[in-house]
Amino acid sequence: IHQSIGRYLLDSLEKLDNEDLLYTVLEHLNKGIQHLSSDEKIYLAQLNNRAFDKSKKAGAFDHVLYFAVKSNELIDQSVWKSNYNLAFQCHLNHVEALYLSGKSDAINAVLGSQSANITDLIDIARLREIKISALAQQNQQEAVYEALNLLKIMGVNLPKKPGKLLLAKELI
């Protein structure tokens, strides 16, 4: 029933270009994910990403997390291969939503879940930036080490504990 209602409302959303229906459409379609084809799941992930952006702009961080989780649930291994940009955006949104809703403790698990699929250095940096922000917000020294590790991945080697000699050398 939810799928039928959701599809009817989705048709109205597209014909009328009415963004106000977006949340209602997703309320129904997200309840019937198991009945969707692969193409429908991809489209639904895109709609959830739209709702994520809309909720983020409104500062509704509980909704941000809901839509990020839903879009991420729709992404399987095949999507990572066929539509990397969408898969990465869903993953990035999920990590960002955890940060924005104060669930920083779950970020490591989500980051690790798809680390093998993310090979682009810029994408790795975008994800790590959120992790570093979460650690810094918690006043954890680990944020500095995470930032140093990211710099190392990017080819910049800085010592964890520079000695007085190195500092003096840099000042000269």
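Residues numbered from 1 in each chain as written. Predicted model: local features only at pLDDT ≥ 70, side-chain atom pairs only at ≥ 80, totals over all residues. Heavy atoms only, no water.

(A) A look at the overall build of the chain. A count of helical and extended segments in the chain gives 10 helices and zero strands. Burial analysis of the chain (172 residues in total) assigns 40% to the buried set. Nonlocal contacts in the chain, meaning residues at least 24 apart in sequence, comprise 55% of its contacts between residues at least 6 apart. When the accessible surface of the chain is summed, it comes to about 10,400 Å², and 54% of that surface belongs to carbon and sulfur atoms. (Helix = DSSP H or I, 4+ residues; strand = E, 2+ residues; numbered from the N terminus. Buried < 20%, exposed > 50% of the residue type's maximum accessible area, 1.4 Å probe, protein only. Contact = heavy atoms within 4.5 Å. Areas by Shrake-Rupley, 256 points an atom, 1.4 Å probe, with all protein chains shown as cover.)

(B) Fine view of a nonpolar patch on the surface. Taken together, the side chains of Leu121, Ile153 and Met154 present a nonpolar region at the surface, about 220 Å² in accessible area. If you trace the backbone, Ile153 turns up in helix 9 (residues 142-153). The class of Ile153 is partly exposed, set by a relative accessible area of 36%. (Patch = residues over 30% accessible without salt bridge, like charges linked within 9 Å, V, L, I, M, F, W, Y side chains within 5 Å. Salt bridge = Lys/Arg side-chain N within 4 Å of Asp/Glu carboxyl O.)

(C) Focus on the pattern of salt bridges. Under the criterion given, the structure shown has four salt bridges. Note that Arg128 and Glu146 form a salt bridge whose closest N and O atoms lie 3.2 Å from each other. Highlighted residues: Arg128 in helix 8 (residues 121-137) and Glu146 in helix 9, separated in sequence by 18 residues. Taking the relative accessible area as the measure of exposure, Arg128 reaches 21% and is therefore partly exposed. For Glu146, the salt bridge identified is with Lys131, shortest N-O distance 3.4 Å. With Glu146 in helix 9 and Lys131 in helix 8, this pair connects stretches of sequence that are 15 residues apart. The same class applies to Glu146 as to Lys131, namely buried.

(D) Main features of the confidence of the model for the chain. Per-chain confidence: the chain averages 85 in pLDDT, with 87% of residues scoring 70 or above. Least confident of the elements in the chain is helix 1 (residues 2-16), whose mean pLDDT is 55; most confident is helix 6 (residues 84-100), at 96. (pLDDT = per-residue confidence, 0-100.)

(E) Structural context of the nonpolar core. Ranked by internal contacts, the top residues of the largest apolar core, which has 36 residues, are Leu26, Leu44, Ile75, Val95, Ile107 and Leu127. Secondary structure elements with two or more residues in this core: helix 2 (22-29), helix 3 (38-58), helix 4 (61-73), helix 5 (77-82), helix 6, helix 7 (107-113) and helix 8. A total of eight residues in this core trace back to one element, the largest contributor, which is helix 6. Leave out the neighbours within four places in its chain, and Leu26 touches Leu44, Leu47, Asn48, Ala51 and Phe67. Counting five residues, the second largest nonpolar core, distinct from the first, contains Ile132, Leu135, Ala143 and Leu150. (Core = buried A, V, L, I, M, F, W, Y, C linked by side-chain atoms within 4.5 Å.)

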